[in-house]
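Breakdown of the fold
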There are 2 protein chains.
Amino acid sequence: MRSHTIPRPAVQRISLYLRHLELLAERNVATVSSGELAEALMITAAQVRKDLAYLGQFGRPGVGYRVGPLGDALRHILGTDRTWSVIVVGAGDLGRALLRYKGFTRKGFMVVGAFDISAAKIGKQFGPARVQHLDEMPDVVARFNVRLAALAVPPEAAQEVTDRLCAAGIRGILNFAPTMLQVPPGVAVHPVDLAASMEQLAFRITARR
Amino acid sequence: MRSHTIPRPAVQRISLYLRHLELLAERNVATVSSGELAEALMITAAQVRKDLAYLGQFGRPGVGYRVGPLGDALRHILGTDRTWSVIVVGAGDLGRALLRYKGFTRKGFMVVGAFDISAAKIGKQFGPARVQHLDEMPDVVARFNVRLAALAVPPEAAQEVTDRLCAAGIRGILNFAPTMLQVPPGVAVHPVDLAASMEQLAFRITARR
DNA sequence: TTTTGTGAATAGCTTCACAGCA
DNA sequence: TGCTGTGAAGCTATTCACAAAA
């Protein structure tokens, strides 16, 4: 029975299981045990079994998990068994790096548009996309049925741009601006604060001595 | 009494409290209540009080928290009341964006070196740093007493580079490679997997309907 | 024998609720 | 009255430990 309450931390680990399964698949490994997955992810074997059991019955006692089918199942659960169109908003240094980031493509995220408001940037080609004015964004979102956006604009502009993204139909925002975004229900925000992450490291190596 | 077990999630929130306190300081706000901080961070007021109480007695009943002193205290706890030297390893798109990222500077992280192994990139100037060969890295780490590194190399190279970073004296690694890094005790790793983050968004907007 | 799936136990984190201070 | 600090309660997540399957 599929209880529809997969713990948040477990969902985050699904991406990591999948990452490792893809590595194993490349190496033509057919099966993997919870212990092996645990070692690769630096967690306990019990954790692995519990997580995977939330999603269904994928393992075979005495054998382990079949790499291919488990990978397929995890992709299906994450929703990445299809291609997602993504736009990048903000064509500063970070935005441009995101436009060219191969990791997205490899996972089936296809950048179909880049937006900014600076005349100096509009028209320039970065990676797969030519920068357009933000005013064109709703059009592109509608035409390509875009649901995901990476937001890399200055923090002062983040909320206003977010409102426009949500109005245009965006449902998930990868937020690189160091701000909390207000979004309507049904829209998900995943914050990525690079400076805050660096601070966490500073804390951890300061505290430990 | 300072119990030296601040919960991990609480430590992560410290960065967010600080972020908001800095905003308030800019606006010359003198005091802030747990309720106001809670609203800004989209958490409960009880959570805010509990978190801050782990760190000391900063609030005054009936008044709230004084913005300046609390900010100073949080910076001290995080270890960011001083400047940290940082190196960036890997001068691909992401590495170059990190080199120019203003958010680090604003928080007192100073990029003092950039490294790669590709002859095509060595010698080039990106933001504050000229790219050097990775072989020069231990020298720079020693000379500037660098403890923090941002790692933006291909996943195949990540572990080997990490070993060299740790040997050189790096104690904290912001890891942009989609790999689990093996590090000796005393070295902290903070993973940033952009593709995995995007997957989490895909999941959340897929699951919700 | 190996390894899963899972109830039970434990640990960790958040929220409640209220005494006490300004 | 307004707001903090905090024990107690409640909830969530992880680990244990073992029966059952291959």
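Each remark here, short or long, concerns the structure printed above.
Residues numbered from 1 in each chain as written. Chains lettered and ligands numbered in written order. Predicted model: local features only at pLDDT ≥ 70, side-chain atom pairs only at ≥ 80, totals over all residues. Heavy atoms only, no water.

**Focus on unusual backbone geometry**
Worth spelling out the cut-off: Elements are defined by DSSP. Helices are runs of H or I of four residues or more, strands are runs of E of two residues or more, and each kind is numbered from the N terminus. Relative accessibility under 20% of the residue-type maximum defines a buried residue, over 50% an exposed one, and the middle range a partly exposed one, all with a 1.4 Å probe and only protein chains included.
Of note, Asn145(A) is a non-glycine position whose phi angle comes to about 55°, a positive value. Along the chain, Asn145(A) turns up in the loop between α7 (137–144) and β8 (148–151). With a phi close to 60°, Met42(B) is a non-glycine residue in the positive phi region. With a relative accessible area of 42%, Met42(B) lands in the partly exposed category.

**With respect to the interface of chain B and chain A**
Our working rule: What makes two residues a contact is simply this: any of their non-hydrogen atoms within 4.5 Å. We define a salt bridge as a side-chain nitrogen of Lys or Arg found within 4 Å of a carboxyl oxygen belonging to Asp or Glu. By the convention adopted, Pro, Cys, Tyr, Trp, Phe, Met, Ile, Leu, Val and Ala count as nonpolar, Lys, Arg, Asp and Glu as charged, and the other residues, Gly among them, as polar.
Taken residue by residue, the interface counts 58 residues in chain B and 58 residues in chain A. Where chain B meets chain A, there are six salt bridges. With a shortest N-O distance of 3.1 Å, Asp93(A) and Arg100(B) are connected by a salt bridge. Along the lines of polarity and charge, the residues of the side of chain B that touches chain A split into 34 nonpolar, twelve polar and twelve charged.

**Focus on the protein's contact with DNA strand D**
Our working definition: One heavy atom suffices: a residue is near a molecule or strand as soon as one of its heavy atoms comes within 4 Å of it. Identification of polar contacts relies on pairs of N or O atoms within 3.5 Å, with a donor-acceptor requirement for protein atoms, meaning one able to donate a hydrogen and the other able to accept it, and with residues adjacent in sequence counted only if both atoms are side-chain atoms.
Neighbouring residues of DNA strand D: 26 residues in total, closest Arg13(A), Pro61(A), Ser34(B), Gly59(B) and Tyr65(B). Within 4 Å of the protein, the contacting atoms of DNA strand D are 65% sugar and phosphate, with bases supplying the remainder. Ser34(B) places a polar side-chain atom, nitrogen or oxygen, 2.6 Å from a phosphate oxygen of DNA strand D. Gly59(B) places a main-chain nitrogen or oxygen 2.9 Å from a phosphate oxygen of DNA strand D. For the surface near DNA strand D, the secondary-structure elements that each account for two or more residues are α1 (8–26) and α3 (45–55) of chain A together with α3 (45–55), β2 (59–60) and β3 (64–66) of chain B.

**Things to note about the environment of Met180(B)**
Tracing the backbone shows Met180(B) in the loop between β9 (172–175) and β10 (188–191). According to the relative accessible area criterion, Met180(B) is partly exposed, its value standing at 30%. Look past the residues within four positions of Met180(B) in its chain and what remains in contact with it is Arg19(A), Ala40(A), Leu41(A), Met42(A) and Gln159(B).

**Here we look at the relation of the copies chain B and chain A**
Heads up, the condition is: Copies are brought into register by a least-squares superposition over C-alpha atoms of residues with pLDDT of at least 70 in both.
For the pair chain B and chain A, the superposition axis carries a translation of 0.0 Å, the fit reaches an RMSD of 0.0 Å, and the rotation angle comes to 180°. This pairing of chains is accounted for by a two-fold axis. No C-alpha of chain B lies nearer the rotation axis than that of Ala97(B), which sits 3.1 Å from it. Interface overlap between copies is the fraction of interface residues in one copy that are interface residues in the other; for chain B against chain A it reaches 100%, indicating a shared surface.

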